[in-house]
Amino acid sequence: MRFFSGVLLALSLCAGAVSAQDSSATPSELRTLLTGFDVRGLSGIGRLNIDNRIMCSGSLIADDLVLTAAHCLFDPESGQPFEPADIEFLADLRLGRPSATRHASHIALLPEYSPGAADRLQIEHDIALLQLNSPIQSFTISPFALGQSPGPGEDVGIISYAKDRAESPALQDRCHVTAREGLALILTCTVDSGSSGAPVLQIEDGVATVVSVVSALGELRNQKVAITTVLDGRVELLMAEIEALPPSTSRGTRRLIQITPDQPDSGGARFLRP
């Protein structure tokens, strides 16, 4: 188990109910994004309302594709998958008002993902891609490109919704990758119930790319940490499933860049369970 044996998992799933090594740089505070100026380059974020009772976060990576966490798409009580029509994406939701609203028409999951698996296995494959029922084509909403998976020692950011910020997203533009093992990362980023599926970002020269997806909230040495899933080319596998759909259900402009996987590095960290 190595670094997973040192982390106490506070929330195995970071979905929320709808109502709503040390870094050389101290993690930044959360900043709520309220205006169009605030979300410049970040407007691809959105909130997922699932079955009118579960909230998660997601990010557009094409005009009709939303990247999120797979566990958000399963009923936490029955373990059964939700129907695509039960999933609503509120794009660029700020002050309770979305710039666009769409429902899902197709769900693509990694074949290794199982909602009943042990937490470690679930987190490592906790990625899903939603195809929307129609593209979001707006001058004010820009999908994110995908970047390279970060490694220990790198700084990243997170933009997310959560139970205490359900109506507007918040950005933490600098937090730290503490460790990586396999396909999971431990970050010093601030997440909470409802942050599942939120994009982990690398922001360079004002350009944000998605490099990982929030899966869970944990605790390491009495400090809250985020547990996230790296992408490592696997989004392309989900894309291939959607591309194989009949033309009437596969639409939109694809905006994916090649991801170069990093070598796993646990950095000596250990965890209890993911």
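In short, a report on the structure. (Residues numbered from 1 in each chain as written. Predicted model: local features only at pLDDT ≥ 70, side-chain atom pairs only at ≥ 80, totals over all residues. Heavy atoms only, no water.)

1. As for the layout of surface pockets
Point 1. Reported here for the second largest pocket is a volume of approximately 200 Å³.
Point 2. R31, F37, D38, R40, G41, L42, L171, D173, I203, G206, V207 and A208 are the residues that line the second largest pocket.
Point 3. Sorting the residues of the lining of the second largest pocket by element identifies β12 (170-181) and β15 (207-220) as the ones contributing at least two each.
Point 4. By residue class, the composition of the lining of the second largest pocket is six nonpolar, two polar and four charged. (1 Å grid on protein atoms, 1.4 Å probe; cavity = no way out; pocket = protein on both sides within 12 Å on 5 of 7 lines; lining within 4 Å. Points joined across faces, edges and corners; volume = space filled by probe spheres on them. Helix = DSSP H or I, 4+ residues; strand = E, 2+ residues; numbered from the N terminus. Nonpolar A, V, L, I, M, F, W, Y, C, P; charged D, E, K, R; others polar.)

2. Overview of the state of the cysteines
Point 1. As enumerated under the stated definition, the model contains two disulfides in all.
Point 2. With its sulfur 2.1 Å from that of its partner, C56 forms a disulfide with C72. Because the sign of the S-S torsion sets the handedness, a value of about -95° for the bond joining C56 and C72 places this disulfide among the left-handed ones. With C56 in strand β5 (residues 54-62) and C72 in the loop between β6 (65-68) and β7 (87-91), this pair connects stretches of sequence that are 16 residues apart. Each of the two residues, C56 as well as C72, counts as buried.
Point 3. Covalent S-S linkage joins C175 and C189, the inter-sulfur distance amounting to 1.8 Å. Its S-S torsion of approximately 70° makes the covalent link between C175 and C189 right-handed. Of this pair, C175 sits in strand β12 while C189 is found in the loop between β13 (184-187) and β14 (199-204), placing the two residues 14 residues apart along the sequence. As far as burial versus exposure is concerned, C175 and C189 are alike and both buried. (Disulfide = S-S within 2.5 Å. Buried < 20%, exposed > 50% of the residue type's maximum accessible area, 1.4 Å probe, protein only.)

Such coordinate-based values are descriptive only and should not be taken to indicate function.
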